[in-house]
Amino acid sequence: MRLWVILASFLILPFSANADLRQYVASLEESQWRLSGNNPVMCRLEHDIPSYGKAVFTSRAGKDHNLNFSLDMWVKPDQVTQAKLISMAPAWRPGVVSKDITELTYQKYFSGEVPRNAAWSMLAELESGMQPTFYYADWYNEANKVAVGLSAVNFRRQYSEFKACLSSLLPYSFEDIALTVLTYESGGTELTRYSKSQIARVQEYLAYDKNVDLVLIDAYTDSYGGRSANMRVSEQRADSVKELFVASGIGQNRIHTMGHGEKRHVASNQTIEERSRNRRVVIRISKPL
C-alpha cells in the first residue's frame, strides 16, 4: 500500500530525486469511525489517524445546512503551508482514477480546515469507498512530502447515523437564541403568545446544549402603576423565566436575575403598543467558545 501511494504521489506532486514521503492512514484493522456528537444541536463524526491526529466532520443547528471539517493535527503547522486534497483509490482498488477535490492553505499553528462544499465532497468520496488524502510539504523540510489519508473502512454505517443526526438538527442556532426579548400582557407575568413560542424555542435548545455557562435575565415594566408595585412585577417576571431555565437543566448558580421596574424604557408610554414594548424580559445567554 505504501509503495502504491508513493508511486501515485509522484504523478501529483513535484519531488526531488531524494524526496521522502511520510504517509499517515489507518490500516484495515485500525480504521474506525464514531459519532462523538449526536443530538439536535450538534452532529460530529470522527476518525482517528494513527500517529497524526484525527479527522472531524461537524454540523450544528441552524438555518443553513452547514458542515465543517477539521484535520486536527497533534503537531500544528509551524508555518503557512499549501496543501492539495485529492480523492485516491485505496490499494485494493487498483486502476481507479484519482480526482482533485480542492487546494488548501494551512495556517500557522492551526488545524487544517476544509471549505463546506469540499467537506461534502469528502463525505461523498468516502461513501463510494475512496480515500480523501491531503498532500503537503513538510514545514521543516520542503523536500520531504506528507500524505494524510482518511480510510473508508467501517465508514458507511457511522455515516448513515451521521446523516440521520443531520436530519434532526434544530432549524435555529445558538446565536438565534443567545439574545431573546420576551414581552408581556398588561400587568402580571403572562407572556404574549409570540413570546411563549420564543421561550419554548430557547428551552428546547438548552435542553440539548449543556455548555451554557451564564444566563442573564433582566425584567422591565411600563410606567403604569406605582413604582414599588412595578418593581415587584418585574422581579416576578424575572423569577418566572428563571424557573423555566432551571427546569431545562441550567444550574441556578448560572442564572442571574434583575428586576428593573419601570426604568430603562425602550419606548414612550403614550400608546398601547409603546407600553407593550416596555413590558419585557431580556435574556442573554453565553457559553465558552
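Our subject in this report is the structure included herewith.

What counts and how
Residues numbered from 1 in each chain as written. Predicted model: local features only at pLDDT ≥ 70, side-chain atom pairs only at ≥ 80, totals over all residues. Heavy atoms only, no water. Pairing = 2+ DSSP bridges. Helix = DSSP H or I, 4+ residues; strand = E, 2+ residues; numbered from the N terminus. Axes fitted to C-alpha atoms, helices over the stretch in contact; angles between N-to-C directions. Contact = heavy atoms within 4.5 Å.

## Overview of the sheet that holds strand β12 (residues 214–220)
If you trace the 4 strands from one edge of the open sheet to the other, you get β11-β14-β12-β13, paired in mixed fashion. Bordering the open sheet on either side are β11 (179–183) and β13 (255–259), each of which pairs with just one other strand. When strand polarity is set aside, the average angle formed by the axes of neighbouring strands in this sheet is 15°. Summarising the sheet, β12 and strand β14 (residues 280–286) pair through 7 bridges and their orientation is antiparallel. Residue pairing across strands places Asp218 opposite Val282, the latter belonging to β14. Packed on one face of the sheet, helix α5 (residues 193–208) meets β11 and β14 and runs near 145° to β11.

## A few points about the sheet that holds strand β2 (residues 33–39)
Reading across from one edge, β2-β3-β4-β5-β8 is the order of the 5 strands in this open sheet, with antiparallel pairing throughout. Across the chains shown, the open sheet's two edge strands, defined by having one partner strand only, are β2 and β8 (112–114). Neighbour-to-neighbour, the strand axes of the sheet open up by a mean angle of 15°, direction not taken into account. Direction of pairing for strand β3 (residues 42–49) relative to strand β4 (residues 53–60): antiparallel, over a ladder of 8 bridges. Bridge pairing in β4 links Asp48 to Lys54.

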